[in-house]
Amino acid sequence: MRRLLTTILSAAVFTLTVSAQVGEQRNTISLGVSGGMGTSSVSFIPSIKQQLSLGPTFGVSVRHVSEKYFFLICGTQLECNFATRGWTELIEDGSENEYTRVANYIEVPFLAHIGFGREYRGFQGHLNLGPQVSYLLNEKEIYGGKTPWDTSNRPNQVTEQYGKSIENKLDYGITASLGLEMRTGSGNFGIEGRYYFGLGNIYGITKKDFFARCANSTISVRATYSFNLIR
């Protein structure tokens, strides 16, 4: 009896596993646009004290929904975005100097897309997660505050970044977002929060270089609109 029960349970688990792997096929392709604001910083070692630097972000996306597993809607999403990054230093050495580095990037995230909620009409939440590569278009330094410029009392004597152009124009990392869409007959209107963690460094980090780490980090909030091209 015990052996029979074990066999039945094993068969049931196997059946559920196979069913979950198959899912309901979908072939929905949607096009979208987005725009919003982001806060950026750069993680430096040795450290540089910073305040968050604001900048715009906007772009286009293509989403392909391929399957539905129970209540999860699964697919992929490819984007091409413009984003302003950089950092703004919090200088507290009595010099009253101000410094901001503005860096404009083209970003290409390739994301796994998981949706949950109403598939066609109503509200649907989603999680996007995946790698991202970016390329630096241009940059500029903004010096402000009291003149003349005085770096003699900078904490840790970290002044290497001043006047030093970003050396690695290609950046890469991991991005994740949470969003909510209202899906209607006129398209899908949504809002999304996103975090990017840079794995690359903007300057060299070999033994002969000054910095041991100098990676981008951004948090952004964006409004989105998309419509189904193929359903």
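All figures in this text were calculated on a predicted structure; none of them were measured in a lab. (Residues numbered from 1 in each chain as written. Predicted model: local features only at pLDDT ≥ 70, side-chain atom pairs only at ≥ 80, totals over all residues. Heavy atoms only, no water.)

### Side note on the layout of surface pockets
Piece 1. Put simply, the largest pocket is a space of about 180 Å³.
Piece 2. Of the residues assigned to the lining of the largest pocket, the class counts are six nonpolar, three polar and four charged. (1 Å grid on protein atoms, 1.4 Å probe; cavity = no way out; pocket = protein on both sides within 12 Å on 5 of 7 lines; lining within 4 Å. Points joined across faces, edges and corners; volume = space filled by probe spheres on them. Nonpolar A, V, L, I, M, F, W, Y, C, P; charged D, E, K, R; others polar.)

### Details of the packing of aromatic side chains
Aromatic ring pairs are defined here through the distance separating the ring centres and the angle between the ring planes.
Piece 1. Scanning the entire structure with this criterion turns up 13 aromatic pairs.
Piece 2. Ring centres of Tyr203 and Phe211 lie 5.9 Å apart, and the angle between their planes is 15°; on these two criteria the pair is classed as stacked.
Piece 3. Here Phe210 and Phe211 contribute two aromatic rings whose centre-to-centre distance is 5.0 Å and whose plane-to-plane angle is 90°, an arrangement assigned as edge-to-face.
Piece 4. According to the relative accessible area criterion, Phe210 is partly exposed, its value standing at 38%.
Piece 5. Among the residues examined, Phe211 registers a relative accessible area of 2% and is labelled buried.
Piece 6. By the ring-pair criterion, three or more aromatic residues cluster together here, those being Phe44, Trp87, Tyr99, Tyr143, Trp149, Tyr162, Tyr203, Phe210 and Phe211.
Piece 7. Over the ring of Trp149 we find Arg154; its NZ or CZ atom is 5.1 Å from the centre of that ring.
Piece 8. Between the NZ or CZ atom of Lys164 and the centre of the ring of Tyr203, over which it lies, the distance is 5.3 Å. (Phe/Tyr/Trp six-rings, centres within 6.5 Å; stacked < 30°, edge-to-face > 60°. Buried < 20%, exposed > 50% of the residue type's maximum accessible area, 1.4 Å probe, protein only. Lys NZ or Arg CZ within 6 Å of the ring centre and 35° of its normal.)

### Considerations on the pattern of salt bridges
A pair can form between side chains of opposite charge whenever their charged atoms are brought close.
Piece 1. Counted under the stated rule, the structure contains 17 salt bridges.
Piece 2. Two residues, Arg85 and Asp171, come together in a salt bridge whose shortest N-O distance is 2.8 Å. You can see Arg85 sitting in strand β4 (residues 72-89) and its partner Asp171 sitting in strand β7 (residues 170-184), a full 86 residues away along the chain.
Piece 3. Judged by its relative accessible area of 2%, Arg85 is buried.
Piece 4. Here Glu192 ties to Arg194 by a salt bridge, and the two come within 3.0 Å at their closest N and O atoms.
Piece 5. By relative accessible area, Glu192 is classed as buried at 5%.
Piece 6. We classify Arg194 as buried; its relative accessible area is 9%. (Salt bridge = Lys/Arg side-chain N within 4 Å of Asp/Glu carboxyl O. Helix = DSSP H or I, 4+ residues; strand = E, 2+ residues; numbered from the N terminus.)

### Focus on the pairing of strand β6 (residues 122-145)
Piece 1. The pairing of strand β5 (residues 97-117) with β6 spans 19 bridges and is classified as antiparallel. Its bridge partner lying in β6, Val102 is registered against Lys140.
Piece 2. Connecting the antiparallel pair β5 and β6 is a turn made up of four residues.
Piece 3. Pairing of β6 with β7, which is carried by 14 bridges, proceeds in the antiparallel orientation. Of the residues in β7, the one forming a bridge with Gly125 is Leu180. (Pairing = 2+ DSSP bridges.)

### Comments concerning the pairing of strand β9 (residues 213-230)
Piece 1. Sheet analysis places strand β1 (residues 24-45) next to β9, joined by 17 bridges and oriented antiparallel. Residue pairing in the sheet places Ser40 in a bridge with Thr218 of β9.
Piece 2. Where strand β8 (residues 187-198) lies against β9, ten bridges are found, and the strand directions are antiparallel. Pairing of Ile191 across the sheet is with Ala223, part of β9.

### Regarding the nonpolar core
Piece 1. Membership of the largest hydrophobic core comes to 16 residues, with the highest contact counts inside it found for Phe44, Trp87, Ile202, Tyr203, Phe211 and Cys214.
Piece 2. Ignoring anything within four residues of it in the chain, the contact list for Tyr203 reads Phe44, Trp87, Arg101, Gln161, Lys164, Ser165, Ile166, Glu167, Asn168, Phe211 and Cys214. (Core = buried A, V, L, I, M, F, W, Y, C linked by side-chain atoms within 4.5 Å. Contact = heavy atoms within 4.5 Å.)

### Looking at the side chain of Arg154
Piece 1. You can see Arg154 is positioned in the loop between β6 and β7.
Piece 2. Since its relative accessible area comes to 4%, Arg154 is described here as buried.
Piece 3. At a separation of 2.7 Å, a polar atom in the side chain of Arg154 contacts the side chain of Asp93. (Polar contact = N/O pair within 3.5 Å; in protein donor to acceptor, adjacent residues only side chain to side chain.)

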